[in-house]
Amino acid sequence: MAEEEDVLFQRFAKIFIGCLAAVTSGMMYALYLSAYHERKFWFSNRQELEREITFQGDSAIYYSYYKDMLKAPSFERGVYELTHNNKTVSLKTINAVQQMSLYPELIASILYQATGSNEIIEPVYFYIGIVFGLQGIYVTALFVTSWLMSGTWLAGMLTVAWFVINRVDTTRIEYSIPLRENWALPYFACQIAALTGYLKSNLNTYGERFCYLLMSASTYTFMMMWEYSHYLLFLQAISLFLLDTFSVEQSDKVYEVYKIYIFSLFLGYLLQFENPALLVSPLLSLVAALMLAKCLQLNVKKGSFVAKIIKVINFYLVCTLTITLNIIMKMFVPHKENGHMLKFLEVKFGLNMTKNFTMNWLLCQESLQAPSQDFFLRLTQSSLLPFYILVLIICFLSMLQVIFRRINGKSLKETVTLEDGRIGERPEIIYHVIHTILLGSLAMVIEGLKYIWIPYVCMLAAFGVCSPELWMTLFKWLRLRTVHPILLALILSMAVPTIIGLSLWKEFFPRLMTELMELQEFYDPDTVELMTWIKRQAPVAAVFAGSPQLMGAIKLCTGWMVTSLPLYNDDDLLKRNENIYQIYSKRSAEDIYKILTSYKANYLIVEDAICNEVGPMRGCRVKDLLDIANGHMVCEEGDKLTYSKYGRFCHEVKINYSPYVNYFTRVYWNRSYFVYKINTVISFQS
């Protein structure tokens, strides 16, 4: 009896310390982000306008709608104005909640008012505080996932250390706080932690039920927070499908997860204003195909030749049904489901060539290119990449061993012990190996996806080096005889992470402290002056035209209407962006005037940084891409070159000569910006 009490006490103490460490890690990371943000922007010493300028591009748009919700006389009225928004983009009424996934802003605004925080804290601090808090939950979820897989909270500590040290590659929170991924990925991490626990073979009924409920809630929330969430869940569904195909005894659990997907998709469809993108998503087609295939499955003896043939047929059936169902859904469901994304992928993989400005501009974005050598160098210097490759190879080879055993008809043990050295028999390990390979393959093509992949690289590498099972699997292959393999595996699972942790502490901890100590300067007086001039001098009904990034800042800082937005999920907005960018091309004053007046623009803002851009890559500057699209620059051999008789508009308009002065009157300028009033009464001249 006393021994049982000791065992229970030790188990409770281990869980308590681990939970305390997980929560503390998350809180410390959130506080670190807050302190770093304050040091980087001197946030508390800034005026409201200067603070808002720190929100760049699409981040400015998201935060501006949060401000609009707080200004609304009631929550209901605020939601109505966002869903029938005609005060942002000229000549366009949009459902901003659906199009921009503004559920985070709705939740933040209602929490701010419901909790009485308006008497305690400024809106901007409340907003960024929620996002930093979610990042703390993100880190805690990664900690728990690694702990569940390895059995030791030491793995969680190492996960957090690698995550923070490699934060340039794990998160974009430092540069763009309101991004949808910063709101959504913490819920995805919670879902993966719950899924990891749910797939474990030795989980009791209460633990299984808790994991299932957490997984359901986090899956649905993740889907509501980010418009691209269903693509990530599609990759996860593929991983679970392959896990089930490899005959690991988790088929019933896997199909329960599929039910969560279907429930989340249809509930999301209804609450996202009947969003057709969810109905035509590959996730729904795959899950529907899997459910149909399950209904058609025959009960045959496992391990028999017939069972193997049926497995192959089932795999082919699921793939065929998925493609067929997706095609049928797209035929019958009216949708505009990211057609530009498919065109981009065609050009990205060399299946098509284009001179289209938007496509080439996207291709030139650093986040959409293949990873650079610096990326791999950073991961190697922090020791993350070498240990990840080691862990992945061992787990992958062990998984292949298990698959071949099943193909040969050998049964698997119900419970795998440390002495067996078969880490690849654990279903949660197989799932994570498949999932990380899929995510990694995509990240090798599009660098921006590293922010989804690298956090799980940290988690998987930390789990591996802290797992005695992994070392035991390696020693079984090496047929180690000189030292007792179990003892050595236990020693290495403690010694290796300890050595890694100490070396990381010695090399990187001083750098982190230095970052918190040094004050960085973020000051943009030209933009502040521009926004101040607009608020004081421009009419309330004025419409501004310029680069999409600047238009986002104008919408946030002044509230004035604009002609375009820095959003890339709408074909009409993409076309507007391309047309407005023509102010940096070799087009006539009359052409530019007609474009701007077609969008009811009253003021034009020319940015010197774009007009005189000297980019590192010739051919990727905005003016180069426009020249290629307009045929004023040779892109490929054999292209026809059209010489323009007009100079570059952004240069010519500054000289103040006819015909430019007939169409545009300069009303304000500073070192970075030139503002022109678009004349209403014109005698057209060439």
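Residues numbered from 1 in each chain as written. Predicted model: local features only at pLDDT ≥ 70, side-chain atom pairs only at ≥ 80, totals over all residues. Heavy atoms only, no water.

Is there a simple way to think about the packing of helix 10 (residues 180-199) against helix 13 (residues 251-271) in this case?
Look at helix 10 against helix 13: their axes get within 10 Å of each other, and the N-to-C directions meet at 155°. The angle between helix 10 and helix 13 places the two elements in the roughly antiparallel class. The crossing of helix 10 and helix 13 is right-handed. Counted together, Q191, L195, Y198 and L199 of helix 10 and K253, E256, V257 and Y261 of helix 13 form the full contact between these two elements. A class-by-class count of the residues in the contact of helix 10 with helix 13 yields five nonpolar, one polar and two charged. (Axes fitted to C-alpha atoms, helices over the stretch in contact; angles between N-to-C directions. Helix = DSSP H or I, 4+ residues; strand = E, 2+ residues; numbered from the N terminus. Parallel < 35°, antiparallel > 145°, perpendicular 65-115°, else oblique. Left-handed = near helix turned anticlockwise from the far one by under 90°. Contact = heavy atoms within 4.5 Å. Nonpolar A, V, L, I, M, F, W, Y, C, P; charged D, E, K, R; others polar.)

Hey, could you run me through the pairing of strand 3 (residues 603-607) in this one?
On any regular strand, side chains alternate: one points to one face of the sheet, the next to the other face. Where burial is concerned, most of strand 3 is hidden: five out of the five residues are buried. As defined by bridge partners, strand 1 (residues 543-545) adjoins strand 3 across two bridges and the pair is classed as parallel. Paired with A545 across the strands is L604, a residue of strand 3. (Buried < 20%, exposed > 50% of the residue type's maximum accessible area, 1.4 Å probe, protein only. Pairing = 2+ DSSP bridges.)

Just checking my understanding: could you explain the nonpolar core for this structure?
Considering soluble globular proteins, one finds that nonpolar side chains tend to be buried as a cluster. Grouped together as the largest cluster of nonpolar side chains are 168 residues, with contacts concentrated most on L240, F544, I554 and I605. With 14 residues, helix 7 (residues 123-150) is the single largest residue contributor to this core. Sequence-distant contacts of L240, that is, excluding residues within four places in its chain, are made with L195, L199, V254, V257, Y258, Y261 and Y431. One finds Y584, L596, C650 and Y676 within the second-largest nonpolar core, a separate group that totals 35 residues. (Core = buried A, V, L, I, M, F, W, Y, C linked by side-chain atoms within 4.5 Å.)

Which parts of the structure should I look at to understand helix 22 (residues 450-465)?
What sets the pattern is the α-helix's 3.6 residues per turn: residues three or four places apart point alike. Look at helix 22: 22 Å from first C-alpha to last across 16 residues, which is about the 22 Å you get at 1.5 Å a residue. Here helix 22 lies mainly inside the structure; 16 of its 16 residues are buried. (Expected span 1.5 Å × (residues − 1).)

Would you explain the environment of E105 in this entry?
Relative to the assigned elements, E105 resides in helix 6 (residues 103-114). In this structure the C-alpha to C-alpha distance between E105 and D68, which are 37 residues apart in sequence, comes to 9.7 Å. If we skip the residues at most four places from it in the chain, E105 touches Y62, Y66, Y127, R180 and W183.

Is there a simple way to think about the sheet that holds strand 3 in this case?
The strands making up a sheet are joined through hydrogen bonds of the backbone, oriented either antiparallel or parallel. With mixed pairing, five strands are arranged side by side in an open sheet as 2-1-3-5-4. Where the open sheet ends on each side, the last strands, each with one partner, are strand 2 (561-562) and strand 4 (664-669). Both strand 4 and strand 5 (residues 673-678) contribute to a ladder of five bridges, which runs antiparallel. Bridge pairing links W669 to F674 in strand 5. Relative to strand 5, helix 25 (residues 525-537) is tilted by about 25°, and along the sheet it contacts strand 1, strand 3, strand 4 and strand 5. Of the strands in this sheet, strand 1, strand 2, strand 3 and strand 5 are in contact with helix 26 (residues 548-557), which crosses strand 3 at around 125°.

How should a nonpolar patch on the surface be read in this particular structure?
A cluster of nonpolar side chains, contributed by I323, I327, I328, M331 and F332, occupies part of the molecular surface with about 570 Å² of accessible area. Tracing the sequence through the fold places I327 in helix 16 (residues 305-332). For I327, a relative accessible area of 47% translates into the label partly exposed. (Patch = residues over 30% accessible without salt bridge, like charges linked within 9 Å, V, L, I, M, F, W, Y side chains within 5 Å. Areas by Shrake-Rupley, 256 points an atom, 1.4 Å probe, with all protein chains shown as cover. Salt bridge = Lys/Arg side-chain N within 4 Å of Asp/Glu carboxyl O.)

Is there a simple way to think about the environment of S467 in this case?
Positionally, S467 belongs in the loop between helix 22 and helix 23 (468-478). Take S467: its relative accessible area is 1%, and that puts it in the buried class. Spatially, the C-alpha atom of S467 lies 5.6 Å from that of S493, the residues being 26 residues apart in sequence. If we skip the residues at most four places from it in the chain, S467 touches S150, I423 and S493.

What am I meant to see in the state of the cysteines here?
In a disulfide, the sulfur atoms of two cysteines are covalently bonded to one another. Evaluation of the coordinates by the stated rule reveals two disulfides. Each sulfur in the disulfide pair C364 and C620 lies 2.0 Å from the other. Every disulfide takes its handedness from the sign of the S-S torsion; for C364 and C620 that torsion is -80°, giving left-handed. Of this pair, C364 sits in helix 18 (residues 357-364) while C620 is found in the loop between helix 29 (608-611) and helix 30 (622-629), placing the two residues 256 residues apart along the sequence. Between the sulfur atoms of C611 and its disulfide partner C650 the distance amounts to 2.0 Å. (Disulfide = S-S within 2.5 Å.)

So what exactly am I meant to see when it comes to helix 13 here?
End to end, helix 13 covers 31 Å across 21 residues, agreeing with the expected 30 Å (1.5 Å per residue, within 8%). Inspection of helix 13 places K253, V254, Y255, V257, Y258, I260, Y261, S264, L265, G268 and Y269 among the buried residues, and these make up the whole buried set. Contacts from the buried residues of helix 13 go to helix 10, helix 11 (205-225), helix 12 (229-245), helix 14 (276-279) and helix 15 (282-296).

Mind showing me how you'd approach unusual backbone geometry here?
Both trends apply: most residues other than glycine have a negative phi, and most peptide bonds are in trans. Omega for the bond connecting S658 with P659 falls within 30 degrees of zero, at 10°, which places this linkage in the cis form. The backbone phi angle of F273 is positive, close to 60°, even though this residue is not glycine. Tracing the backbone shows F273 in the loop between helix 13 and helix 14. Look at F273 and you get partly exposed, because its relative accessible area is 39%. The phi torsion at S383 lies on the positive side, around 70°, for a residue other than glycine. S383 sits in the buried class, given a relative accessible area of 17%.

I keep staring at the side chain of Q99 and nothing clicks. Help me out?
Along the chain, Q99 falls in helix 5 (residues 96-100). A polar contact is formed between the side chain of Q99 and the side chain of D570, at a distance of 3.3 Å. Residues in contact with Q99, not counting those within four places in the same chain, are I94, E227, N569, D570 and L573. (Polar contact = N/O pair within 3.5 Å; in protein donor to acceptor, adjacent residues only side chain to side chain.)

Where do I start with the packing of aromatic side chains in this structure?
Each aromatic ring pair is characterised by the separation of its centres together with the angle its planes make. Evaluated as defined, the whole model comprises 36 aromatic pairs. Members of the aromatic cluster, each reached through a chain of ring pairs, are F188, F222, W226, Y228, Y231 and Y456. Looking at K253, its charged tip hangs above the ring of Y198, at a distance of 5.4 Å from the centre. A cation sits over an aromatic face here: K555 above Y65, 5.1 Å from the ring centre. (Phe/Tyr/Trp six-rings, centres within 6.5 Å; stacked < 30°, edge-to-face > 60°. Lys NZ or Arg CZ within 6 Å of the ring centre and 35° of its normal.)

I tried to follow the environment of Q272 on my own but got confused; where do I start?
Relative to the assigned elements, Q272 resides in the loop between helix 13 and helix 14. In this structure Q272 comes out as buried when scored by relative accessible area, which is 7%. Separated by 169 residues in the primary sequence, Q272 and Y103 have C-alpha atoms spaced 9.4 Å apart. Dropping the residues within four chain positions of it, Q272 is found in contact with Q98, Y103, M223, M224 and L278.

For this particular structure, what's the right way to read the packing of helix 3 (residues 58-71) against helix 7?
Where helix 3 contacts helix 7, the two axes come as close as 11 Å, and the packing angle between them is 125°. One finds that helix 3 runs oblique with respect to helix 7. Of the two elements, helix 3 crosses helix 7, and the hand of that crossing is right-handed. Touching Y62, Y63, Y66 and L70 of helix 3 are P123, V124, F126 and Y127, all from helix 7. Here the contact of helix 3 with helix 7 is built from residues that sort into eight nonpolar, no polar and no charged.

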